[in-house]
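Working through the structure, step by step
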Number of protein chains: 2
Amino acid sequence: MTVPSPSPLAYVPFVSVQNMMRLVHSIGIEAFIQELAGYIEEDFRRWSEFDKTPRVASHSRDGVIELMPTADAENYGFKYVNGHPKNMREGYQTVTAFGVLSSVANGYPILLSEMTVLTALRTAATSALMATYLAPEGSRVMAMIGNGAQCEFQALAFRALLGINTLRLYDLDPEATGKARRNLEGQGFEVVTCASGEEAVEGAQIITTCTADKQYATILTDNMVGSGVHINAIGGDCPGKTELHRDILLRSDIFVEYPEQTRIEGEIQQLDPDHPVTELWRVLRGEAQGRVDTRQVTLFDSVGFAIEDFSALRYVHARVRGTPYAEPLDMLADPDDPRDLFGMLERARG
Amino acid sequence: MTVPSPSPLAYVPFVSVQNMMRLVHSIGIEAFIQELAGYIEEDFRRWSEFDKTPRVASHSRDGVIELMPTADAENYGFKYVNGHPKNMREGYQTVTAFGVLSSVANGYPILLSEMTVLTALRTAATSALMATYLAPEGSRVMAMIGNGAQCEFQALAFRALLGINTLRLYDLDPEATGKARRNLEGQGFEVVTCASGEEAVEGAQIITTCTADKQYATILTDNMVGSGVHINAIGGDCPGKTELHRDILLRSDIFVEYPEQTRIEGEIQQLDPDHPVTELWRVLRGEAQGRVDTRQVTLFDSVGFAIEDFSALRYVHARVRGTPYAEPLDMLADPDDPRDLFGMLERARG
């Protein structure tokens, strides 16, 4: 007797890395980021509808593995993500991720997706979305300090949402800058390779910091940051990993995703636990102001929050429907009679 | 230009439901349970090596979705599992599950597996393993109250590890009992269908309770339980869901997986938070005694713990190697240069 085929209920649509890349290209990278930013904005605006938990982290000597769950009344989502700074030296990704979106009503997964590529896109979309509220009017030049895996995605997001067309690149490792330069010139940016962080920030209205070492670093010192600048700080995202000098924080207006998490993981781990910060969702709902002054220094202390992943999964779930980019995966047991799991197993006997 | 193939690093072995069933049959159900019980015993014996977290639950009106992570120095594992009692009435499983095993060293997943079938097997393996320490010498007769999806797996585990050959079945729903009877007679058990819980427990040395309704129920009242019996209580496994009358608990010696979790979810949620219980791992290490007296009432208040899932994933990972029962899944982005995620995306342009 052959194994009977599973029923349609047993299948979960799976978006592989290859298919995610095909989906992105079928939509266009910048259009994808722009649409995704719309989903993120929509979800942050209904902040109170979400079941929010700080991520669940398992730390080890070389890194961390995290689960980031959240849910609204209709969907539940979580992301699995690792962070292992030493991986790069061994030919592995520092960060890999995948995620699941489920139906709250019956608990069944409705999407399994790669999220390494998707996380890069959602991080960039969130940064650029916030910058539309925080960056100086008419920003065209962005400094990018740290030219690793996240760099090009940030650049494209800032072009798509703000019109950034000039990039000033600096990385401790010239090879990283060379890689970013080639990729970004290919995308039509004007690219300036800089010999130092100081040089990179010259004339930039936006400064994006995105380095990967797990340590207290000082990518930006106080004297490097003039007035009227927006800082998009991506790399300080776990305990013991920061990029900015404390003095910059003290003269910035600081915007965060979820204070409970950012105070542990973000740049503001350097500050008093009651240092005032503004939550993104309040800005997006119009309950708090973004930039109010041309001389103001604004800082988005980005650590990444579960709702962004939820929005990304929700967006992919909506966009992948009707395309060939999701494969059905036989992931859920679905016996004819739900009480008869054993009977299903017996009937599968070869 | 066609999309380049992902490198071997990008692939995660996936065990589908169909392949899990094939793997189980290739080993034999009872042999599978016996070997799996060995893994569980081994892991519980090194209890202190594990990073233990209570499960992360997202509750909704109709059910719960949970993530159950744990890790030792080498591997990280988690299970996604839902519990939706009303699902059965709509043709869905009450519980579905899948899980992931990863390398702690680099954070990469090394196995994605269905766990609906696997959870039924690990729950049964854990119950029977504990019963080898707690059930009366020479037990041959088991009462089973609640004849749903878990019933047959329990029966096979108790035969494999203890030699149980006679089953006394009772369920509020005679169709469930009919289903279990057919399946279990097919497996060579002597099966007695009973008209009540009272009748089912007559002459049984072991009583397994395994009902599914989410409510405080009283499947067993005090007068039904004589001395010298082992109670294997499976169904009381979330807040507000219990099966045993409190008086039974008060005259039982109670054994639990992880007190922090069981006091919230198990039968002992009915007792004072400092009511004495014995942890399984202490019994398995010989640091605490199991059954010490022929007249003693022992109770395994089973709620399911992350280490059991970890053991199950570890077992499947070891056993599936070299078989055709794992498919490679392109789940992880793996650019040639780990910093060049964007270049990988660009090269995938169709």
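Up top is the structure these notes are about.
In this report, the structure presented in the accompanying data block is examined. Starting from 1, residues in each chain are numbered consecutively following that chain's sequence as written. Chain letters and ligand numbers both follow the written order, the letters beginning at A and the numbers at 1. Only residues with pLDDT of 70 or above have their local features reported here, since the model is predicted, and side-chain atom pairs are shown and tallied only from 80 upward, although totals for entire chains, interfaces and linings are computed over all residues. Side-chain descriptors were evaluated using all non-hydrogen atoms of the structure, hydrogens and water having been removed beforehand.

**With respect to the overall build of chain A**
- The helix and strand labels rest on DSSP assignments: H or I over at least four residues marks a helix, E over at least two residues marks a strand, and numbering proceeds from the N terminus. Across its full length, chain A holds 11 helices and 18 strands.
- In this treatment the radius of gyration is a C-alpha quantity, and the globule benchmark scales as 2.2 Å times the residue count to the 0.38 power. Taken against the 2.2 N^0.38 rule, which gives 20 Å for 350 residues, the C-alpha radius of gyration of chain A at 21 Å falls within 12% of a compact globule.
- Considered along the principal axes of its C-alpha atoms, chain A spans approximately 75 × 40 × 40 Å.
- Out of the 350 residues belonging to chain A, those deemed buried represent 64%.
- Of the roughly 12400 Å² of accessible surface on chain A, 48% is carried by carbon and sulfur atoms. Per-residue accessibility, obtained with a 1.4 Å probe over protein chains only, is compared with the maximum for each type, and a residue is labelled buried under 20%, exposed over 50%, and partly exposed between these values. Note on areas: Shrake-Rupley with a 1.4 Å probe; residue coverage comes only from the protein chains shown.

**As for the interface of chain A and chain B**
- Residues are treated as being in contact if the distance between any of their heavy atoms lies within 4.5 Å. Contacts between the two partners involve 82 residues from chain A, matched on the other side by 82 residues from chain B.
- Together, the buried faces of chain A and chain B total about 7200 Å²; carbon and sulfur atoms form 67% of this surface.
- When the buried area of chain A at its contact with chain B is split by residue, Arg339, Phe342 and Leu345 of chain A rank highest and sum to 12% of it.
- Between Lys or Arg on one side and Asp or Glu on the other, a salt bridge is scored when a side-chain nitrogen of the former is within 4 Å of a carboxyl oxygen of the latter. The interface formed by chain A and chain B contains 3 salt bridges.
- With a closest N to O distance of 2.5 Å, arginine 339 of chain A and aspartate 173 of chain B form a salt bridge.
- The residue makeup of the side of chain A that touches chain B, split by class, is 44 nonpolar, 22 polar and 16 charged. Here's the idea: put two parts together, see how much 1.4 Å probe accessible area each one loses, and the total over both is what we call buried area. Residue polarity is assigned by list, with Asp, Glu, Lys and Arg as charged and Ala, Val, Leu, Ile, Met, Phe, Trp, Tyr, Cys and Pro as nonpolar; anything else, Gly included, falls into the polar class.

**Structural notes on the sheet that holds strand 10 (residues 190-193) of chain A**
Residues and elements named next belong to chain A.
- With parallel pairing, the 8 strands of this open sheet are ordered in space as 10-9-8-11-13-17-15-16. Both edges of this open sheet fall to strand 10 and strand 16 (278-279), since each of them pairs with a single strand only.
- DSSP bridges decide pairing: two strands pair if at least two such bridges lie between them. Looking at chain direction, strand 13 (residues 230-233) and strand 17 (residues 298-301) are connected through 4 bridges and run parallel. Its bridge partner being in strand 17, isoleucine 231 is matched across the sheet by leucine 299.
- Packing of helix 3 (residues 116-134) onto the sheet brings it into contact with strand 13, strand 15 (253-256) and strand 17, and relative to strand 17 it is tilted by some 160 degrees. Between the N-to-C directions of two axes lies an angle of 0 to 180 degrees, each axis being a line fitted to C-alpha atoms and, for a helix, fitted only over the stretch in contact.

**Observations regarding the relation of the copies chain A and chain B**
- Each copy of the sequence occupies a distinct position, and chain A is placed on chain B by a rotation of 180 degrees and an axial shift of 0.0 Å, giving an RMSD of 0.0 Å. Read as a symmetry element, the transformation amounts to a two-fold axis.
- The share of interface residues of chain A whose copies in chain B are also at the interface is 100%, consistent with both copies meeting through the same surface. To line up the copies, we fit them by least squares on C-alpha atoms, keeping just the residues with pLDDT of at least 70 in both.

**Let's talk about helix 4 (residues 151-162) of chain B**
- Between the first and last C-alpha of helix 4 of chain B there are 16 Å, a value that for 12 residues agrees with the 16 Å anticipated at 1.5 Å per step.
- Where helix 4 of chain B terminates, the next one or two residues include glycine 163 of chain B, which has phi positive at roughly 85 degrees. In this analysis, the expected span of each helix is defined as 1.5 Å times one less than the number of residues it contains.

**Remarks on the side chain of arginine 168 of chain A**
Residues and elements named next belong to chain A.
- Position of arginine 168 relative to the elements: it lies in strand 9 (residues 166-170).
- Buried within the structure, arginine 168 lacks any salt-bridge partner; glutamate 202 is the closest side chain of opposite charge, at an N-O distance of 4.1 Å.
- A polar side-chain atom of arginine 168 sits 2.9 Å from the main-chain carbonyl oxygen of glutamate 199.
- Residues contacting arginine 168, with those up to four places away along its chain left out, are Val141, Met142, Ala143, Met144, Val192, Cys194, Glu199, Ala200 and Glu202. His is not counted, nor are the chain ends, whereas Lys and Arg count as positive and Asp and Glu as negative. Pairs of N or O atoms within 3.5 Å make up the polar contacts considered here, provided that, within protein, one atom can donate a hydrogen while the other can accept it, and that residues adjacent in sequence are counted only when both atoms are side-chain atoms.

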